[in-house]
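Structural description and commentary
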Amino acid sequence: MRIAVLGSLNMDLVMEVERLPRPGETVAGTSFSRYPGGKGNNQAIAAARLGAEVALFGRVGQDRYGEELLSVARAAGVDTSGVEALPGEITGVALILVGRDGQNQIAYAPGANGRIDEAFVKAILPRVRSADVLLLQLEIPISPLAFLLRRLPEDHPLVVLDPAPVQDLTPLPLHRVDYLTPNREELGALCRAPVKKKDDLMRFSQLLLGTGAKHLVVKADQDGAYLAEPGGVTHFPAYKVKAVDTTAAGDAFNAALAVSLAEGKGTYEAIGYANAAAAITVTRKGAASSLPTRAEVQDFLRHPYRHPVG
Ligand code: RIB
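Residues numbered from 1 in each chain as written. Predicted model: local features only at pLDDT ≥ 70, side-chain atom pairs only at ≥ 80, totals over all residues. Heavy atoms only, no water.

Attention now goes to the nonpolar core. Grouped together as the largest cluster of nonpolar side chains are 57 residues, with contacts concentrated most on Ile3, Val54, Val78, Leu257 and Ile271. In contact with isoleucine 3, not counting residues within four places along its chain, are Ala47, Ala52, Glu53, Val54, Ala55, Ala131, Val133, Leu135, Ala258 and Val259. By size, the runner-up hydrophobic cluster in this structure holds 43 residues, among which are Leu145, Leu169, Leu174 and Leu209. (Core = buried A, V, L, I, M, F, W, Y, C linked by side-chain atoms within 4.5 Å. Buried < 20%, exposed > 50% of the residue type's maximum accessible area, 1.4 Å probe, protein only. Contact = heavy atoms within 4.5 Å.)

Moving on: the site of the ligand. Lining the immediate surroundings of the ligand are 13 residues, of which Asp12, Gly38, Lys39, Glu139 and Asp251 lie closest. With respect to the ligand, the side chain of lysine 39 contributes an N or O atom lying 2.9 Å from an oxygen atom. Asparagine 42 is positioned with one of its side-chain polar atoms (N or O) 3.0 Å from an oxygen atom of the ligand. Summarising the interface, the protein chains cover 96% of the accessible area of the ligand, which totals 280 Å² for the free molecule. Comparing atom positions with the cavity grids shows the ligand to sit within the largest pocket. When contributions to the shell around the ligand are tallied by element, the ones reaching two or more residues are strand E2 (10–17), helix H1 (39–49) and strand E6 (92–98). Among the residues making up the shell around the ligand, the classes are represented as five nonpolar, four polar and four charged. (Near = heavy atom within 4 Å. Polar contact = N/O pair within 3.5 Å; in protein donor to acceptor, adjacent residues only side chain to side chain. Areas by Shrake-Rupley, 256 points an atom, 1.4 Å probe, with all protein chains shown as cover. 1 Å grid on protein atoms, 1.4 Å probe; cavity = no way out; pocket = protein on both sides within 12 Å on 5 of 7 lines; lining within 4 Å. Sits in = over half its atoms within 2 Å of the grid points. Helix = DSSP H or I, 4+ residues; strand = E, 2+ residues; numbered from the N terminus. Nonpolar A, V, L, I, M, F, W, Y, C, P; charged D, E, K, R; others polar.)

This part is about the pattern of salt bridges. Enumeration over the complete set of coordinates arrives at 18 salt bridges. Between arginine 34 and glutamate 68 there is a salt bridge, with the nearest N and O atoms lying 3.0 Å from each other. Of this pair, arginine 34 sits in strand E3 (residues 29–37) while glutamate 68 is found in helix H2 (residues 64–75), placing the two residues 34 residues apart along the sequence. Residue aspartate 200 is joined to arginine 203 by a salt bridge in which the shortest nitrogen-to-oxygen separation is 3.1 Å. Taken together, the residues aspartate 200 and arginine 203, both in helix H6 (residues 198–209) and three residues apart, mark about one turn of the helix. A network of salt bridges, in which partner residues are shared, links Arg19, Arg22 and Glu25. (Salt bridge = Lys/Arg side-chain N within 4 Å of Asp/Glu carboxyl O.)

Tallying each qualifying case throughout the model produces two aromatic pairs. For the pair phenylalanine 236 and tyrosine 268, a centre-to-centre distance of 5.5 Å together with 65° between the ring planes defines the contact as edge-to-face. Of this pair, phenylalanine 236 sits in strand E13 (residues 232–236) while tyrosine 268 sits in helix H8 (residues 267–282), and the two are 32 residues apart along the sequence. Pairing tyrosine 239 with phenylalanine 300 gives two aromatic rings, centres 5.1 Å apart and planes at 85°, and the pair type is edge-to-face. One end of the pair, tyrosine 239, is in the loop between E13 and helix H7 (249–262); the other, phenylalanine 300, is in helix H9 (residues 294–302), and 61 residues separate them in sequence. Exposure remark for tyrosine 239: the relative accessible area of 24% places this residue in the partly exposed category. For phenylalanine 300, a relative accessible area of 1% corresponds to the buried category. Geometry around phenylalanine 147 places arginine 151 over its ring, the cationic atom sitting 3.6 Å from the centre. (Phe/Tyr/Trp six-rings, centres within 6.5 Å; stacked < 30°, edge-to-face > 60°. Lys NZ or Arg CZ within 6 Å of the ring centre and 35° of its normal.)

Relative to the elements of secondary structure, asparagine 113 occurs in the loop between strand E7 (104–109) and helix H3 (118–129). Judged by relative accessible area, which is 0%, asparagine 113 ranks as buried. Here the side chain of asparagine 113 touches leucine 9 through a polar contact of 2.9 Å, landing on its backbone nitrogen. Not counting residues within four places of it along the chain, the set of residues in contact with asparagine 113 comprises Gly7, Ser8, Leu9, Asn10, Arg59, Gly92, Glu139, Ile140 and Pro141.

Following this line, the structure appears as structure tokens:
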């Protein structure tokens, strides 16, 4: 089962704080660490740890962060031959604050991630076409993504798009997206209204489904996930665990969904598996460092109630 990931690689500079600051406020940090991250890189590493053959496509700078990111991805079994190191450009960097409840705030400087263009996409097209599943996110420019989607055959590979960070999806041919996976905030932003209650979530997910994607899966943190299909919305409750850092939980979810679908599982089973991978991820610190292996997810699914919840 082969998974292609086109996306970002970032070095994450992470500070833990008692609580996330309000605009204009300064708060003291309680620890500082550096972790490999970037949504594309995290999803590639997660899929490889879950047992898939993974090729990552992206760009880094010719610097220490770029080298470190590639060596961590390679060590996890990811084929990084499709990641280019660009001269004169920095590797992407993300600044992340993590509060005591595990919630985070992230800002990132795209650096080389922002230099992915149509020529790059054209060059990787044959390798992307031969994958079973293609994982995409929005930390790289949107127009090469649209270019890529328009050049894929109608039914292969299966495309999973994480619309994060959220932006206008109009340039994308969404009918070529099999699974669109916003979180609650992204769903609200895409529908231009906050998701305050479950009813909003149901209504907005049906609305977004109407824009063309074949399945809409809303990642709803402690509430688990919701699948919107033309016939209605199904809820998949979350596993109860103690969250220490929610960074990359969405990436673990998307990668696990992709691996499960690539193995021929149905959507419902794949979402259950993705919920388990995300639950394990929030119990650990960092991005790539927190992603579970296949054995860990299998063990979790055998004993889902053995984990501390508070
Ligand atoms: O999804 C988590 C990732 O978002 C972090 O690793 C950070 O790099 C940001 O891109």
